[in-house]
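One letter stands for each residue in the lines below.
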Amino acid sequence: MSDIVPLRDIPEFDLATDVLVAGFGGAGASAALEARRAGAEVMVLESSSGGGGSTQMSACEMYLGGGTALQHDLGIEDSVDNFYRYLKACFGDNCDEERLKLFCEGAVEHFDWAESLGVPYKRGFFSGRDVVAMTGDSLQYTGNERAWPFTETAAAAPRGHLPADADHSGGLVFMGHLMERVRESGADIRCDARLTALVQDDQGRVVGAIARIDNRDVSIAATRGVVLCTGGFIMNETMTRKYLPDLDSIATRHGNPGDRGDGIRLGQAAGGNVINMGEAFVGIAHYPPPQLTYGIFVNEQGQRFVNEDVYLARLGHYAVQQTGGRVYMFIDNRHFERPAYLEVDIVAVGESVAEVESEAGFPEGALQHTVEFYNRHAAKGEDPLFHKAKDWLMPLDCAPFALVSYALDQIRPPVFTLGGLEVRPTGEVLRPDGSEISGLYGAGRTVAGIPRTSAGYASGMSVADVTFFGRLAGRQAAAN
Ligand SMILES: Cc1cc2nc3c(=O)[nH]c(=O)nc-3n(C[C@H](O)[C@H](O)[C@H](O)COP(=O)(O)OP(=O)(O)OC[C@H]3O[C@@H](n4cnc5c(N)ncnc54)[C@H](O)[C@@H]3O)c2cc1C
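Residues numbered from 1 in each chain as written. Predicted model: local features only at pLDDT ≥ 70, side-chain atom pairs only at ≥ 80, totals over all residues. Heavy atoms only, no water.

## What to know about the domain arrangement of the protein chain
Partitioning the protein chain into structural domains gives domain 1 (1–283 + 416–480) and domain 2 (284–411). With centres defined by C-alpha atoms, the gap from domain 1 to domain 2 works out at 36 Å. With 24 residues of domain 1 at the interface, the matching set in domain 2 holds 25 residues. For the pair domain 1 and domain 2, the summed buried surface comes to about 2,000 Å²; carbon and sulfur atoms form 60% of the total. Run the count over domain 1 and domain 2 and you get zero salt bridges. Taken together, the links from domain 1 to domain 2 amount to 11 residue pairs in polar contact (both at pLDDT 80 or more). Partitioned by chemical class, the residues of the side of domain 1 that touches domain 2 number 13 nonpolar, eight polar and three charged. (Domains from an automatic or database assignment. Contact = heavy atoms within 4.5 Å. Buried area = accessible area lost by both parts, 1.4 Å probe. Salt bridge = Lys/Arg side-chain N within 4 Å of Asp/Glu carboxyl O. Polar contact = N/O pair within 3.5 Å; in protein donor to acceptor, adjacent residues only side chain to side chain. Nonpolar A, V, L, I, M, F, W, Y, C, P; charged D, E, K, R; others polar.)

Have a look at this one:
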């Protein structure tokens, strides 16, 4: 079947609803709930045998700020303006200003919404450096808030909101509550039901869809609109080879099997534009343990290229740009430990930097110069090249020394996509000329949302984005 079926080819629809949501993950469930609450009849199609998607697999950390109830109760100072300045610094010219403003202004209410679903958030703050707080606490720093250059633009505030006592399993808790609320709302949820085509009338308006249900193509009229929430495209090798050629061979594909890019492909077939397709999250978990932050990363020229106190996705962003993706951590005996989430190889050890340099086959003097320069300034609490924060500066002078390989083709970092359909913040899918495709909406990783590059990504930016804008798209479709 082709991606688009003309309305004139359908004598009569098999089923009908007001709003048809494709995908029962974070974005889709949020859209369905809000569309129901706005009074629309809602049908949800989910291609796998149960909902949840990648959102359910995630820790469900949500990046929210501006003075949420959790921040407030823990005495954390933040403001909408501070939150906005931080996110603007993360995504720069590539960010969508209107989307960013709406998100920053709505984040406080969005957290209240999450709590109102029944998701528990503990009034506990984890101030350490970890990917996900393993203390049961619900608030933590998750990005580059305390790292240069972000410290120059916005006051550091913790904004990672985690379901209580869930460690890495917050997605199960969050999606459990969200999907239950959708069920209670009376939405018609169909699993093992894959959206395979969109139905368009002669004016280009999307008026329904075709789904594969029980080995049969079922036509469904959607009088108010179709909302595409089918996740990203990291599992679609044809698309990753086309859009992310440098990452395709080294990536550990981070997502659920449904991340095939169905919604993106169908939205394009209906005339939609795609943007940001070459951008992806690339995570190199160089902590925990936090003490590894004292080490320095070098490329195969023996040069540093980043401040090591950054979030793991910013490290990933810069690591990809080094020759052959070959990056190493140089560290001394005082601080060495194996990273908790990565298998790494020690490629050289020695009683002196020169010995390590020679064993690793680096150009003579290159690593020695880097370490000497770093140590000389670290002793004064300074990092003139990359401005690593004072807290993480200590000369690396305790022999023996080690060079640890974080080569990308060895560690195969987790990667998921950040590009997709171009949509208004309220979900309307746009054509390349900027006009709206009537009746077609999108949210979540199917569209280009708040996070636009690994360089500015922080844990929590996806789930906050997909649920926040999923809600807006659901409401907008219901009002159509
Ligand atoms: C292990 C892991 C941990 C993560 N941790 C975090 C975190 O803590 N915080 C954070 O912000 N981000 C995290 N992320 C990223 C984040 O989870 C995802 O980017 C986000 O949840 C995607 O939400 P979504 O609604 O767009 O897609 P999903 O939640 O994946 O939902 C899409 C749904 O659509 C279905 N589908 C696909 N095609 C079709 C079709 N044709 N018809 C019908 N249904 C279809 C899929 O089966 C799926 O259920 C993590 C990701 C992973 C993999």
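## Quick look at the pattern of salt bridges
Applying the stated criterion across every chain yields a total of 32 salt bridges. With a closest N to O distance of 3.0 Å, K122 and D165 form a salt bridge. A residue pair is termed long-range when its members are at least 10 positions apart, and K122 in the loop between α5 (97–116) and β5 (125–126) and D165 in the loop between β7 (160–161) and α6 (170–184) qualify at 43 residues. One salt bridge in this structure joins R212 and D217, with 3.1 Å as the shortest N-O distance. For R212, a relative accessible area of 33% translates into the label partly exposed. We classify D217 as partly exposed; its relative accessible area is 34%. (Helix = DSSP H or I, 4+ residues; strand = E, 2+ residues; numbered from the N terminus. Buried < 20%, exposed > 50% of the residue type's maximum accessible area, 1.4 Å probe, protein only.)

## So, the sheet that holds strand β6 (residues 139–140)
Hydrogen bonds between backbone atoms are what pair the strands of a sheet, whose relative direction is either parallel or antiparallel. Spatially, β4-β7-β6-β5 is the arrangement adopted by the four strands of the open sheet, whose pairing is mixed. Each of the sheet's edge strands pairs with one partner strand only, and the pair in question is β4 (62–63) and β5. (Pairing = 2+ DSSP bridges.)

## Some thoughts on the sheet that holds strand β12 (residues 252–253)
Spatially, the three strands line up as an open sheet ordered β12-β19-β14, and their pairing is mixed. Strand pairing shows two members of the sheet lacking a second neighbour, β12 and β14 (280–282), which therefore form its edges. The pairing of β12 with strand β19 (residues 414–417) spans two bridges and is parallel. Pairing of T252 across the sheet is with P414, part of β19.

## Digging into the side chain of R471
Assignment of secondary structure puts R471 in helix α14 (residues 461–478). On the accessibility criterion, R471 (4% relative accessible area) is buried. If near-sequence neighbours (up to four positions away) are discounted, R471 is found in contact with S30, A31, E34, E109, H110 and W113.

## A word on the packing of helix α11 (residues 353–360) against helix α12 (residues 366–378)
Running from N to C, α11 and α12 cross one another at 145°; their axes reach a closest spacing of 8 Å. α11 and α12 meet at a crossing whose hand is right-handed. Residue-level inspection shows V353, A354, V356 and E357 of α11 in contact with α12, the latter providing A366, L367, Q368 and V371. Across the contact of α11 with α12, the residue classes tally to six nonpolar, one polar and one charged. (Axes fitted to C-alpha atoms, helices over the stretch in contact; angles between N-to-C directions. Left-handed = near helix turned anticlockwise from the far one by under 90°.)

## Some remarks on the site of the ligand
As a matter of local geometry, the ligand sits amid 38 residues, with E46, S54, T55, D262 and V463 nearest to it. Within the backbone of G26, an N or O atom sits 3.3 Å from an oxygen atom of the ligand. Within the contact set of the ligand, an oxygen atom lies 3.0 Å away from a backbone nitrogen or oxygen of S462. Contact with the protein chains hides 94% of the accessible area of the ligand, taken as 1,000 Å² for the molecule alone. For the shell around the ligand, the elements supplying multiple residues, two or more each, are α1 (26–37), α2 (53–57), β9 (193–200) and α14. (Near = heavy atom within 4 Å. Areas by Shrake-Rupley, 256 points an atom, 1.4 Å probe, with all protein chains shown as cover.)

## Describing the nonpolar core
L87 and F174 are the most contacted members of the largest nonpolar core, which totals 76 residues. With 10 residues, the single largest contributor to this core is α14. Looking at which domains feed residues into this core, each of domain 1 (1–283 + 416–480) and domain 2 (284–411) gives three or more. Residues in contact with F174, not counting those within four places in the same chain, are C60, M62, W113, A114, L117, V119, Y121 and T467. Membership of the second largest hydrophobic core comes to 57 residues, among which are A209, A222, Y406 and I437. (Core = buried A, V, L, I, M, F, W, Y, C linked by side-chain atoms within 4.5 Å.)

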